[in-house]
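Residues per chain, in single letters:
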Amino acid sequence: MTKWIKEKTAPTERKWEEFYRNRFQHDKRVRTTHGVNCTGSCSWQVFVKDGIVTWEMQATDYPALEEGLPPYEPRGCQRGISFSWYLYSPIRVKYPYVRGALIDLWREAREKHADPVEAWKRIMADPESRKAIQQARGKGGFRRVSWDEALEITAASVVNTIKQHGPDRIIGFSPIPAMSQVSYASGTRFLSLLGGVVMSFYDWYCDLPPASPEIWGEQTDVHESADWYNSKMIAVMGSNINMTRTPDAHFIAEVRHAGAKLVVFSPDFSQVAKYADYWIPAHGGQDTAFWMAVNHVLLKEFYIDRQVPYFTEYAKLNTDLPFLIEVNEKRPGRYLRANQVTDYSAVENGDWKLLVWDKNSEKARMPQGTIGYRWPNKDTGKWNLKMQDGATGEPLDPELSFVQAHDAVVDVELDDFAGNGVITRKLPVRYVETGHGQVAVTTVFDLILAQFGVPCGLPDETAVSYDDDTLYTPAWQEKYTGIHRDTLIRFARDWGDNGEQTRGKNLIIIGAGANHWYHNNLLYRAGIVGLMLTGSVGVNGGGLAHYVGQEKVVSQASWSTIAFAGDWGQAPRQQNTPSFHYVHSDQWRYERGFSIYDPKLDGAKDDTKQHTIDMQVQAVRRGWLPFFPQFNRSSLDVVREAANGGAKSDSEVIQAVVDQIKQHKLGFAVEDPDAPENWPRVWFIWRGNAIGSSAKGHEYFLRHYLGTHNNAIAPEMAEGYVNEVKFHPQAPVGKLDLVVDLNFRMDTSALYSDIVLPAATWYEKDDLNTTDMHSYFNPMQAAVAPAWESKPDWEIYKAIAKKVSEFSVRHLPGTVKDVIMQPLTHDTVDELAQPVIADWHSGETEAVPGKSMPKFRVVERDYVHLYDQMITLGRGVEKNGVFAHGLPIPVVEEYKTLTQRQPRMFNQQVYPSLATAREAVEAILALDPASNGEIAHRAFEIEEHKTGLDLAHLADGTRSTRITFDDIVAQPRRILTTPTWSGNVNQGRAYSPFTLNVEQRIPWRTLTGRQHFYLDHENYLAWGEHLPTYKPRPDHTMLDETQKSLAEAQGKLLNYVTPHGKWSIHSTFSENDRMMTLSRGGYPVWLNDKDSTEMGIADNDWVEVFNDNGVFVQRAIVSSRIPAGTVFVYHATERTVGIPKSPLRGKRAGMNNSLTRARLKPVLMTGGYAQFTYFFNYWGPTGVNRDTFVFVRRIEKPDF
Amino acid sequence: MNVRAHMSMLFHLDKCIGCHTCSVACKNLWTDRKGAEYMWWNNVETRPGTGYPTRWEDQSHYRGGWELKGKKLSLRLHSRAGGLAKIFYNPALPTMDDYYEPFTFRYQDLFNAPAGDDQPTAIPISKVTGDPLDVQTGPNWDDDLGGSGIYASNDPNLAGVSEEVRRQMNELERVVFNYLPRICNHCLNPACAAACPSGAIYKRAEDGVVLVNENKCRAWRMCVAACPYKKVYYNWSTGKSEKCILCFPRLETGQAPACAHSCVGRIRYMGVLLYDADQIPSAAIVPDAQLVEAHRNVILDPFDPEVIAGARANGIEDSWIEAAQNSPAYKFVKEWGIALPLHAEYRTMAMMYYIPPLSPVVSVIENELFKLDLAEERHDFELFQRLDAARLPVKYLANLFSAGNEQVIREVMHKLLAVRLYMRHKTVRGAVNSDTLGYLSEAGLTVEKAEAIYKLTTLPNVKEQFVIPQYHRETAVEAWKDPLAHKGEVGFGAIQPPQRGE
């Protein structure tokens, strides 16, 4: 047979091979990346041929990490490599577009009014015109317009809104700065200079894990993926890393071959399950129960039956386990405070210094490092984790448990939320003399033993075996998780052994699959307890690796100054978006309040009529959460009136404002959100899909924000349940005057916006990109010019700003003062504001700004020079330095150098220029400790002063490093070790969070300065979340979103789960030709095979998925890998491509978010107290969406 | 001995995450054009599943590859004479339904739709006709067990797996999947070339790349039918067949093929194998159970002086011999014996190799509770003792990678698990004891080999993954043109684009 085969050697016969060689030839390669919140931050080479981007391939030149770690390259996945399709595709936005209804009215008005601002005002003043514009939204009719005309409408609406309603009626949403930091900053800088509202994303996306601030005082701080390779046992839960961390997944595949065990928890046989050693399909959202029982086993076998020195030592030094808790009336209460005991009654910040029981002196003693030491007036340099008495300097040996030596054994009540009751267990206590007499105290550790039901040899204690069905045994968890106790015990023993043998190389990789449940904070806490008990946090290869969004702006210190215009003395209006949308899109009107699904311990379930909106209003009044618009009048008018009333200085203005509030002459907008004067009016959207994939409760957005068609049928039910908010019987429809979207593709948000501005793609602009998944700076760089009429975001906002400044000459001349309302702020002394809850509004305490209520700041606005300020780096940086983690870092020299390198004249003075995006990147890099070694060294010196620790040596080796844009264009460059982060990355070490805390003894930014097992805020006590606990999932009978559709239902009620998918990054890439072809040409609905048989649904049949919130119509995929009772729709569908009409509702069917609705967890609104103090994207309620139920039914082929 | 050199790719399936970055890399470079839309020179299949084109492994239908008749091989498609008879009608050719009708969407309607009373949408349309299309299938339709009852359950490789296990594979206890990325296998005994009536298909002598000469192809499409892997595609626009070219323009410039370069799972390796062309006829006709071993024997030891001498005698450059000595392909395939050809029973002697994947331990349902099927006594990586408790049945893997010979699979899996055990003992317990050494020797490994396997599996950088020898294009060009002249002229329209019918 071989004779048939032609083997060719003669080159002359093979000249045709040029055919393929020529195709491969190209003209240039350009390094860039994608900015899509994928967390990849991958270095790509884009290939250009004949001036056209032809394809992209990964760069493979990341500087290596330390010996023994696999390299990062090639980073880049199926979505990234398909990006070049977009540049020239028919979904590309090539020109500015305005919808016909608007442009006709505009041109008509402009004929009558030479002044564009006046023209806009007239259109908005006419209800019919306004309605015509609103009802046309999303229904076609786009017209191509000139840039000039689009900018004129935009700027006119901005200027008119400032004049008529106040600047905080102008809002902007753009997510995830890290992916393109300058593009993000373009809009936020514009809004911050303007006085507009910058909306958060991390909490709204439910990417923020509230357990992280609860336990660590930290938003999120996680391992770069190379550090997975240092682990020896990995539990993956709710994170499908093969799907969502595609460029990082290889480290998991590889570390298994380095001897690590991999256990995957997911209800479906997921992509990462394929190479697990054990796949454990615990029921969705029930991981809490599993981990509670794991912790039971760990405590029994590694703390009681036998002690592991490493674990015990770790617990004493790095956690709150030895701290003392008061026990009153059988209930655990608050931490014992230093100022309660005579020895320390006079110490500074005595409310905020906490105590341990010292073995040597047999007394309650006061270790350093608690939060009282973080914000001293006098007693400085003791904010550290040295276990010594802050008053005397004596070394302390804290007692972990009173089991061996106690004054008494008392009964303690513990809450059984699943069993709806209280159980009583034994607790050893000691008595401590205080100013108010003798109090019983116990240690957090003893409380934890009681909570987990671990017998420890106390008299009269009830014996508990693993087989007893009592809180929180292996047998108990079976009914929730569906996992046999033997499997749980095996896992727990492996986990404990591995932690012991490797000194904490136990890693939990966790993500949205776990974090999107209503009680996600409890789920995470249960797992983190299992990490802290095994000494795994702050260890390379150990700890909690939570991956959801690309939240890590490495250069946050310098970047945030530029992004929020701190250089011009502005205080940004930063809004937590979950609260904003819950309130303004009127989703609160469709529920009866939280009592039914998240009851407080003291309330009966149905009749308390406690509504989330009431908690929201209280939180704003108390300074716990921000809210904008802030007042029911323009904030500019408020200052003007105060000045007219005689207030001269800023503090007088603020006092006048507070007086007005106290006298009820000035109201908070949140108290009456449906009144027209409190509506948001102009919405800027860029770099995101705010109306689509970022719109939980999408259909309510369409109704209440946009005023257009929608498919929601849910009945309103808040009336009679709300107390703090004014209820209008008729809900407003169409609150927004104008929606402007900057986009490179016609996505759902663009389709529903009034103005679509063509944005440059990631291959057409300069920018900076970082991630938590690796430790390098990556550039975005233009490979070709912005195609057609598109422009980079930086240029678009400059153009808008220029127009605004132009119109301001007439309409907003001179400078004006604005008063800004801000909540109490994390990483400031506000953390000590409220030792107890006291409400000024009901007269429990005085209304004191920054103490019992929000802070107010007066700033100056110069609208005429807004454009100049935007492109010039102001002197505020030179004066105040840059900030992060509560560290103010001076950068005077660096500011001067930057002024010389990129000078710009403004008002006859030279400043650093920010005229180009590239200059903005240079400024970020030059002024941040992560990229400038001298600043890193300086930052450590400042941290030394705060902590009394020896730290600056950590930056010695990199002190001369200066990373510039040219450097990162040449090759990805590694970040530096800095106190603005918590990991030591020197000498190629992989970034692992909290290693600086554990190794250098820098405290966590929490109440005790340690990691928290216990949370003693009054709200946590009230909701029973002071201890790690299990709460059942809210079910469909509690959530009021399936009752009406029950009548229409012909299918089954299923839990609706929207994990991140394989063929898109959020909505981007999902509709692209490549990804559509490799998937199923749509947004399929995944169903279990047996459920499908029962419902008469076959693979690729059309199905309708619906509830009271809305409807979704797509084809089904039937698979045995999906758990019964569940429907999967991969997150972030678009309603632009291939969406038929809904047979049920008649209109075009919606998207994945059509079925969801925002529902906030009140306890997460807590503020003004240590780690429970607000910060943008850091703390606050999150946009949970996993607890949704839907009906699914088969339909005949629908119409398009 | 007739020593030849071959560029071979190796797929570590245990690391594959099925992301298709490779597929898109390939499409962007080579098949993003009219007539080639449906071609996926590189595709990735979910297994169990039916692949692309659907059920391509069902040779009773497609009649690809070779058949052993007595001691002789013949094309399953037809004998040579039979081929001429079928030249205008070939029922074994896959149809558009077996592939899919390429589709896109009328995106421009989103911009152009007039104002109406409902939201516009971009409807799906055919890329072939431009008409609205009801999408019924695609090139990756059964991705991640999509439609498992139709596709996964009908995977031809489940033949011989017990009914009980097949049933369990649809349940939590044993549901499982893995991925199978595929490119052209650039076979030593390529059926496509054998079937081509025009003599357009040849194997490059220097690196073994199998190519369809676009100028000689006459659109008979016998290659499409004869290739058992269905990796030759007919371009309906140019009227020529096309296939994976192993990115020879990249190889020739020292770069890995685009699919391998872009492989973000780092599953791919590339290296030179030296083989004995004289042994091909005998190796292709052994019984099924011996095919893997016979195939391995064709591959030569690049350190053997005799082999080196033979290579030199055949004009193989020293740089290629050196590359063969450093070749990851050689190590995995021959030295460690853990990489296997796909479907050796097709007897085309595929030159791309696969390391079979590990899978999680099976479970049982007890009192409606899920319980891992583990012995009382705790062991690290229990599957070493109980390979049959792995979710992927050994028989299934054997049908894919060892012509049904389960022993071959067991040996490979034991080696993979022994390396994991060794590394765990070394890094967690801090010591390698007699138990550890026992596992290694049981699996046929030494400490040195285990270390080497570990390192090449997890730690390699790009240069270690892809050991690509230097090509000497100047000597090739010299055969028809002065390289200096070529320097000045290359790219100036010297190419001859293929013309339909030519």
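This one's a predicted model, so the numbers in the text were calculated from it and none came from an experiment.

> Is there a simple way to explain the sheet that holds strand E6 (residues 142-144) of chain A in this structure?
Where strands meet in a sheet, backbone hydrogen bonds hold them as pairs that are either parallel or antiparallel. Residues and elements named next belong to chain A. Across the sheet, eight strands lie side by side as E6-E5-E24-E23-E22-E7-E8-E21; this open sheet has mixed pairing. Because the sheet does not close on itself, it has two edges, and the strands there are E6 and strand E21 (573-575). Strand after strand, the sheet turns through a mean of 20 degrees between neighbouring axes, direction not considered. Note that strand E7 (residues 170-173) and strand E8 (residues 197-199) share three bridges and pair parallel. Across the sheet, residue Ile171 finds its bridge partner in E8, namely Val197. Here helix H25 (residues 793-811) sits on the sheet and contacts strand E22 (682-686), strand E23 (738-743) and strand E24 (755-758); the angle it forms with E22, its principal contact strand, is near 160 degrees.

> In this structure, what is going on with the pattern of salt bridges? I would like to understand it.
Two side chains carrying opposite charge are able to pair once their charged atoms lie near each other. Going through the model one piece at a time under the given rule, you end up with 131 salt bridges over all chains. Where Glu1025 of chain A meets Lys1161 of chain A, a salt bridge forms, and the shortest distance between an N and an O atom there is 2.7 Å. Residue Glu1025 of chain A is located in the loop between helix H33 (1018-1022) and helix H34 (1036-1039), and its partner Lys1161 of chain A is located in the loop between strand E38 (1126-1129) and strand E39 (1188-1195); the two are separated by 136 residues in the primary sequence. Each of the two residues, Glu1025 of chain A as well as Lys1161 of chain A, counts as buried. Asp380 of chain B is the salt-bridge partner of Arg429 of chain B, the closest N and O atoms lying 3.2 Å from each other. Taken as a pair, Arg429 of chain B in the loop between helix H16 (406-427) and helix H17 (434-442) and Asp380 of chain B in the loop between strand E16 (369-372) and helix H15 (394-401) lie far apart in primary sequence, 49 residues in all. On the basis of relative accessibility, which here comes to 14%, the residue Asp380 of chain B falls in the buried class. Taken together, the shared-partner salt bridges connect Arg14, Glu17, Glu18 and Arg21 of chain A together with Arg204, Glu206, Asp207, Glu252 and Arg473 of chain B into one network.

> It is not clear to me how the interface of chain B and chain A should be interpreted in this structure. Could you clarify?
In many analyses, interface size is given as the accessible surface area lost on bringing the parts together. Contacts between the two partners involve 144 residues from chain B, matched on the other side by 134 residues from chain A. A combined buried area of about 12,000 Å² lies between chain B and chain A, and 58% of that area is made up of carbon and sulfur atoms. Our count for the chain B to chain A interface comes out at 19 salt bridges. The salt bridge involving Asp497 of chain A is made with Arg378 of chain B; its shortest N-O contact spans 2.5 Å. Joining chain B to chain A, the criterion identifies 82 residue pairs in polar contact (both at pLDDT 80 or more). Here the side of chain B that touches chain A takes seven residues from helix H1 (residues 21-31) of chain B, the largest share from any one element. Of the residues contributing to the side of chain B that touches chain A, the split by class is 79 nonpolar, 30 polar and 35 charged.

> Quick question: what am I supposed to make of the domain arrangement of chain A here?
Residues and elements named next belong to chain A. The domain boundaries assigned to chain A delineate domain 1 (11-80), domain 2 (97-206 + 557-832), domain 3 (223-300 + 471-546), domain 4 (323-397 + 402-455) and domain 5 (1042-1156 + 1170-1195). Domain 3 and domain 5 are separated by 27 Å when their C-alpha centres are compared. In this complex, domain 3 contributes 13 residues to the contact, which on the side of domain 5 involves 14 residues. Together, the buried faces of domain 3 and domain 5 total about 1,200 Å²; carbon and sulfur atoms form 59% of this surface. When residues of domain 3 are sorted by the area they lose upon contact with domain 5, Met243, His516 and Trp517 head the list and together hold 45% of the total. Where domain 3 meets domain 5, there are one salt bridge. Residues Arg1121 and Asp268 are paired through a salt bridge, measuring 2.9 Å at the closest nitrogen-oxygen approach. Applying the counting rule to domain 3 against domain 5 returns five residue pairs in polar contact (both at pLDDT 80 or more).

The rules behind these values
- Residue positions within a chain follow its written sequence, with the count starting from 1.
- Chain letters start at A and ligand numbers start at 1, both assigned in the order the entries are written.
- Under the rules for a predicted model, residues below a pLDDT of 70 receive no local features and side-chain atom pairs below 80 are neither given nor counted, while totals for whole chains, interfaces and linings still include all residues.
- Working from all heavy atoms in the structure, the side-chain values ignore hydrogens and water.
- Strands are treated as partners if at least two bridges between them are detected by DSSP.
- In this description a helix means any DSSP run of H or I spanning at least four residues, a strand means any run of E spanning at least two, and both kinds are numbered starting from the N terminus.
- Every axis in this analysis is a line fitted to C-alpha atoms, fitted for helices over the stretch in contact. Angles between the N-to-C directions lie between 0 and 180 degrees.
- We call two residues contacting when some pair of their heavy atoms lies within 4.5 Å.
- Salt bridges are defined by distance alone: a side-chain nitrogen of Lys or Arg within 4 Å of a carboxyl oxygen of Asp or Glu.
- Between buried and exposed lies partly exposed: a residue is buried under 20% and exposed over 50% of the maximum accessible area for its type, with that area taken using a 1.4 Å probe on protein chains only.
- A quick way to say it: buried area is the sum, across both parts, of accessible area lost when two parts are put together, with a 1.4 Å probe.
- For this analysis, a polar contact is any N or O atom pair within 3.5 Å, provided that within protein one partner can donate a hydrogen and the other can accept it, and provided that sequence-adjacent residues contribute only side-chain to side-chain pairs.
- When residues are grouped by polarity, Ala, Val, Leu, Ile, Met, Phe, Trp, Tyr, Cys and Pro land in nonpolar, Asp, Glu, Lys and Arg in charged, and all others, Gly among them, in polar.
- Per the annotation, domain bounds derive from an automatic or database assignment of domains.

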